[in-house]
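Residue strings, one per chain:
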Amino acid sequence: GSFPMAAWFPGTLIRDEWMISLPSNLVDGRYQLFVGLFDLDSGERLPLHDGAGNEIAERTLLLTEIVIGER
């Protein structure tokens, strides 16, 4: 929250670390972790574009897939 989006420009790397707690009874399997940005005032999800400038309809970005348990 200390680096407002108005100060961002293409190519800027913004590091923002978050801790995610998973429930102890989470079923083994593969899970996808997605992120998106929201307007603080309206709560509306902000547009997201791919490298070619096309808007991504879901307005989310897949960060990674994690595996819980052993397969």
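For the structure, check the block above.
Below, the structure is looked at part by part. The shown structure was predicted, so the numbers you read here are calculated from the model rather than taken from an experiment.

1. Overview of the overall build of the protein
So, step 1. Check the secondary structure of the protein and you find 0 helices and 2 strands.
So, step 2. Radius of gyration (C-alpha) of the protein: 16 Å, far over the 11 Å computed for a compact globule of 71 residues.
So, step 3. With the principal axes as the frame, the protein shows a C-alpha extent of 40 × 30 × 25 Å.
So, step 4. In the protein, which comprises 71 residues, the share counted as buried stands at 4%.
So, step 5. The long-range share in the protein, meaning contacts at least 24 apart out of those at least 6 apart in sequence, stands at 57%.
So, step 6. Accessible surface, the protein: about 6700 Å² in total, of which carbon and sulfur atoms supply 56%.
So, step 7. With 5 positive and 11 negative side-chain charges, the protein shows a spacing of 6 Å between the two charge centroids.

2. Comments concerning the pattern of salt bridges
So, step 1. Inspection of every chain in the model, using the stated rule, returns 4 salt bridges.
So, step 2. Salt-bridge contacts for Arg 30 lead to Glu 65; the nearest nitrogen and oxygen are separated by 2.8 Å. Placement of Arg 30 in strand S1 (residues 29-35) and of Glu 65 in strand S2 (residues 61-68) is noted, with a sequence separation of 35 residues between them.
So, step 3. The class for Arg 30 is exposed, based on a relative accessible area of 59%.
So, step 4. The exposure class of Glu 65 is partly exposed, given its relative accessible area of 39%.

3. Side note on unusual backbone geometry
So, step 1. The backbone phi angle of Arg 59 is positive, close to 55°, even though this residue is not glycine.
So, step 2. On the secondary structure map, Arg 59 appears in the loop between S1 and S2.

4. Thoughts on the environment of Phe 34
So, step 1. Relative to the helices and strands, Phe 34 is located in strand S1.
So, step 2. On the accessibility criterion, Phe 34 (41% relative accessible area) is partly exposed.
So, step 3. The sequence separation of Phe 34 and Thr 60 amounts to 26 residues, and the corresponding C-alpha distance is 6.1 Å.

5. Considerations on the side chain of Thr 60
So, step 1. Within the secondary structure, Thr 60 sits in the loop between S1 and S2.
So, step 2. Exposure remark for Thr 60: the relative accessible area of 19% places this residue in the buried category.

6. Describing the layout of surface pockets
So, step 1. Taken as a whole, the largest pocket holds about 1400 Å³ of empty space.
So, step 2. Lining the largest pocket are 29 residues, and of these Trp 8, Ile 14, Asp 16, Gly 36 and Leu 37 lie nearest its centre.
So, step 3. Breaking the lining of the largest pocket down by element, the ones donating at least two residues are S1 and S2.
So, step 4. In terms of residue class, the lining of the largest pocket is built from 19 nonpolar, 6 polar and 4 charged.

The rules behind each value
Residues numbered from 1 in each chain as written. Predicted model: local features only at pLDDT ≥ 70, side-chain atom pairs only at ≥ 80, totals over all residues. Heavy atoms only, no water. Helix = DSSP H or I, 4+ residues; strand = E, 2+ residues; numbered from the N terminus. Rg over C-alpha atoms; globule rule 2.2 N^0.38 Å. Buried < 20%, exposed > 50% of the residue type's maximum accessible area, 1.4 Å probe, protein only. Contact = heavy atoms within 4.5 Å. Areas by Shrake-Rupley, 256 points an atom, 1.4 Å probe, with all protein chains shown as cover. Lys, Arg positive; Asp, Glu negative; His and termini not counted. Charge placed at Lys NZ, Arg CZ, Asp CG, Glu CD. Salt bridge = Lys/Arg side-chain N within 4 Å of Asp/Glu carboxyl O. 1 Å grid on protein atoms, 1.4 Å probe; cavity = no way out; pocket = protein on both sides within 12 Å on 5 of 7 lines; lining within 4 Å. Points joined across faces, edges and corners; volume = space filled by probe spheres on them. Nonpolar A, V, L, I, M, F, W, Y, C, P; charged D, E, K, R; others polar.

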